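Below, each chain spelled out in residue letters.
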Protein chains: 2
Amino acid sequence: MLSRQAIAEAALDVVDTAGPDGLTMRALADRLGVKAASLYNHVSGKDDLLDDLAALVNAEIDLAPLDDPDWRRGLARYAHGYRAVFLRHPNTIALLARRRVEADRQLLTYDALLAALGRAGLDPADAAEAAAALDYLVLGSALETFTAGFTRGAAEYRPRHPALAGALEASAARGPGLDDRGFDLALRLLLDGLAARTAP
Amino acid sequence: MLSRQAIAEAALDVVDTAGPDGLTMRALADRLGVKAASLYNHVSGKDDLLDDLAALVNAEIDLAPLDDPDWRRGLARYAHGYRAVFLRHPNTIALLARRRVEADRQLLTYDALLAALGRAGLDPADAAEAAAALDYLVLGSALETFTAGFTRGAAEYRPRHPALAGALEASAARGPGLDDRGFDLALRLLLDGLAARTAP
DNA sequence: ACCTGAACACCGTTCAAGT
DNA sequence: ACCTGAACACCGTTCAAGT
């Protein structure tokens, strides 16, 4: 019944619904119909549990787009899929970032990305930088959700922060999804720039 | 003696040295030579304290570069300064991200950035997207520090993850600072792309 | 007005005791 | 082999009591 796998899945559920602070050993045990102390028969502690959680979330990232013969399209689809995973599980980011990369699935993800960048014609050192840049963009955009921070209406910002108000308003007129458009813009410009650096 | 200002400064100190989880009301009170309960005479709770902390960190961001008549140079310097603040206080990112932007100083920062993007010749909706993209890049790069996750030597990765090993090795040959180079690359390509979008 | 001690309901984790 | 109750040292927060 109880297993590392089941515990990790329940943990992701708890984090998704109750937030990073809601993931307590007691709440997790409750969801599994068990007492907190029982969890320690399967994981050595909360830190160990977070490693499993990292692996679980990373396993959701679809690597298939990286095999696309059109590398720009492939990278764009990969990046969108990567970001979608963390938009589905935004509460995990603060929990999992700044941890060492040890889950095999996560190492495999980076390896596949770097291989794809290599096939695109980037030399390995450039590929490393490009992979880092992609990572920053995806995690930053999933973590921060620019728009969500501005909780008041543009009109309220206008008196003291006119440029902010104007930008929020103009962007709203373009439709919802400023976060998505900001990410798309950066991704497109990044891929444009990388294309200019690929060997022929 | 005790004041919101002094408490916030001590809190930043505690977070910097003891990590996000090290910031407890008791540890903070200790550093101030007082008991935890005393803090509640000045802040309404830990959440309130984190608002002050956000304001304090944001106040470190230098907005002067945004007035540079050469907007590309100004934005690059601003972004580097912004990132430097969070590299100095990396433990604050997970603590402060995903909070509503309410500190006046933070609203002012975004307003100044959007005004600068407008002066550069971007229309307001494009400026909003560019500001979001910059934010993602800065916070993502300060949060994640790509390199720090790979704790083992490249040789250890090679058997199972050759592209990863090759990229880490080639990047190390280029010198330390893969994170900085990844950020610089993305920033440069972003600014290049924005330049093409500015009105003449 | 502000600091404190004691208390509350919560944490993660351990461990002897059960089955 | 695995679950549990009780306990430990910790959390954030409250509040009556002190000065």
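In what follows, the structure referred to is the one given above.
Keep in mind that what you see is a predicted model, and the values were worked out from it rather than measured.

**Student:** Where do I start with the overall build of chain A in this structure?
**Tutor:** Per the secondary structure count, chain A includes twelve helices and zero strands. Overall, chain A shows an N-to-C arrangement of helices and strands of α-α-α-α-α-α-α-α-α-α-α-α. By the burial criterion, 54% of the 200 residues in chain A qualify as buried. Put simply, 67% of the contacts in chain A that link residues at least 6 apart link residues at least 24 apart. Roughly 8,400 Å² of accessible area belongs to chain A as shown, and the carbon and sulfur atoms make up 53% of that amount. Taking the 22 positively charged and 28 negatively charged side chains of chain A as two groups, their mean positions are separated by 5 Å.

**Student:** Please explain the relation of the copies chain B and chain A as it appears in this structure.
**Tutor:** Copies of the same chain, two in number, are related to each other by a rotation about an axis and a translation along it. The transformation that overlays chain B on chain A combines an axial shift of 0.0 Å with a rotation of 180°, and the residual RMSD is 0.0 Å. In symmetry terms, the pair is related by a two-fold rotation axis. Among all residues of chain B, the minimum C-alpha distance to the rotation axis is found for Gly140 of chain B, at 1.9 Å. Mapped onto chain A, 100% of the interface residues of chain B are again interface residues, and the two copies thus contact each other with one and the same surface.

**Student:** Just checking my understanding: could you explain the protein's contact with DNA strand C for this structure?
**Tutor:** The full set close to DNA strand C counts 16 residues, and Met25, Arg26, Tyr40 and Lys46 of chain A together with Lys35 of chain B are the nearest of them. Taking the atoms of DNA strand C that fall within 4 Å of the protein, sugar and phosphate contribute 54% of them. In this structure, Lys46 of chain A approaches DNA strand C through a main-chain N or O atom, which is 2.9 Å from a phosphate oxygen. Interatomic distance of 2.9 Å between a backbone N/O atom of Lys35 of chain B and a phosphate oxygen of DNA strand C. Looking at the surface near DNA strand C, the elements that each hand over two or more residues are helix H2 (25–31) of chain A together with helix H3 (36–39) of chain B. Here the residues of the surface near DNA strand C are counted per class, giving seven nonpolar, five polar and four charged.

**Student:** Is there a simple way to explain the packing of helix H4 (residues 46–58) of chain B against helix H7 (residues 104–119) of chain B in this structure?
**Tutor:** Any two packed helices are characterised by how steeply their axes cross, that is the angle between the axes, and by the distance between the axes. Residues and elements named next belong to chain B. Running from N to C, H4 and H7 point in directions that differ by 40°, and their axes come no closer than 8 Å. Of the possible angle classes, the one that applies to H4 and H7 is oblique. For the pair H4 and H7, the contacting residues are Ala54, Ala55 and Asn58 in the first and Arg105, Gln106 and Thr109 in the second. In terms of residue class, the contact of H4 with H7 is built from two nonpolar, three polar and one charged.

**Student:** I'm lost on empty space enclosed by the protein in this one. Help?
**Tutor:** Over the atoms rolls a probe the size of a water molecule, and its path tells where empty space is left. Within this structure, the stated rule accounts for one cavity of 30 Å³ or more. Approximately 40 Å³ is the volume attributed to the largest cavity. Where the lining of the largest cavity is concerned, the elements lending two or more residues are helix H12 (178–195) of chain A together with helix H12 (178–195) of chain B. The biggest single contributor to the lining of the largest cavity is H12 of chain B, with three residues. Per-class residue counts for the lining of the largest cavity are seven nonpolar, no polar and no charged.

**Student:** Just checking my understanding: could you explain the protein's contact with DNA strand D for this structure?
**Tutor:** Surveying the vicinity of DNA strand D reveals 16 residues, the closest of which are Asn41 of chain A together with Met25, Arg26, Tyr40 and Lys46 of chain B. Take the atoms of DNA strand D that sit within 4 Å of the protein: sugar and phosphate atoms are 53% of them. Between DNA strand D and the protein, one listed contact pairs a phosphate oxygen with a backbone N or O atom of Lys35 of chain A at 2.9 Å. For DNA strand D, a phosphate oxygen lies 2.9 Å from a polar atom in the backbone of Lys46 of chain B. At the level of secondary structure, the elements contributing two or more residues to the surface near DNA strand D comprise helix H3 (36–39) of chain A together with helix H2 (25–31) of chain B. Among the residues forming the surface near DNA strand D, the class breakdown is seven nonpolar, five polar and four charged.

**Student:** In this structure, what is going on with unusual backbone geometry? I would like to understand it.
**Tutor:** Working note: non-glycine residues mostly have negative phi, and peptide bonds are mostly trans. Its identity as a non-glycine residue notwithstanding, Arg98 of chain A has a phi of 65°, on the positive side. Structurally, the position occupied by Arg98 of chain A is in the loop between helix H6 (91–96) and helix H7 (104–119). Phi at Thr145 of chain B takes a positive value of approximately 40°, unusual for a residue other than glycine. With respect to the helices and strands, Thr145 of chain B occurs in the loop between helix H8 (124–144) and helix H9 (146–149). By relative accessible area, Thr145 of chain B is classed as buried at 16%.

**Student:** What am I meant to see in the packing of helix H5 (residues 71–88) of chain B against H7 of chain B here?
**Tutor:** Residues and elements named next belong to chain B. Running from N to C, H5 and H7 point in directions that differ by 160°, and their axes come no closer than 11 Å. Regarding the angle of H5 to H7, the classification is roughly antiparallel. As for how H5 packs across H7, the hand of that crossing is left-handed. Each of Leu75, Tyr78 and Tyr82 in H5 lies in contact with H7, whose residues at this interface are Thr109, Tyr110, Leu113 and Leu117.

**Student:** Looking at this model, I keep getting lost on the nonpolar core. Mind explaining?
**Tutor:** The nonpolar side chains of soluble globular proteins are, as a tendency, buried together. Membership of the largest hydrophobic core comes to 142 residues, with the highest contact counts inside it found for Leu117 of chain A together with Leu117 of chain B. Not counting residues within four places of it along the chain, the set of residues in contact with Leu117 of chain B comprises Leu75, Leu122, Ala127, Ala130, Ala131 and Leu194 of chain B.

About the criteria used
- Residues numbered from 1 in each chain as written.
- Chains lettered and ligands numbered in written order.
- Predicted model: local features only at pLDDT ≥ 70, side-chain atom pairs only at ≥ 80, totals over all residues.
- Heavy atoms only, no water.
- Helix = DSSP H or I, 4+ residues; strand = E, 2+ residues; numbered from the N terminus.
- Buried < 20%, exposed > 50% of the residue type's maximum accessible area, 1.4 Å probe, protein only.
- Contact = heavy atoms within 4.5 Å.
- Areas by Shrake-Rupley, 256 points an atom, 1.4 Å probe, with all protein chains shown as cover.
- Lys, Arg positive; Asp, Glu negative; His and termini not counted.
- Charge placed at Lys NZ, Arg CZ, Asp CG, Glu CD.
- Least-squares fit on C-alpha atoms with pLDDT ≥ 70 in both.
- Near = heavy atom within 4 Å.
- Polar contact = N/O pair within 3.5 Å; in protein donor to acceptor, adjacent residues only side chain to side chain.
- Nonpolar A, V, L, I, M, F, W, Y, C, P; charged D, E, K, R; others polar.
- Axes fitted to C-alpha atoms, helices over the stretch in contact; angles between N-to-C directions.
- Parallel < 35°, antiparallel > 145°, perpendicular 65-115°, else oblique.
- 1 Å grid on protein atoms, 1.4 Å probe; cavity = no way out; pocket = protein on both sides within 12 Å on 5 of 7 lines; lining within 4 Å.
- Points joined across faces, edges and corners; volume = space filled by probe spheres on them.
- Left-handed = near helix turned anticlockwise from the far one by under 90°.
- Core = buried A, V, L, I, M, F, W, Y, C linked by side-chain atoms within 4.5 Å.

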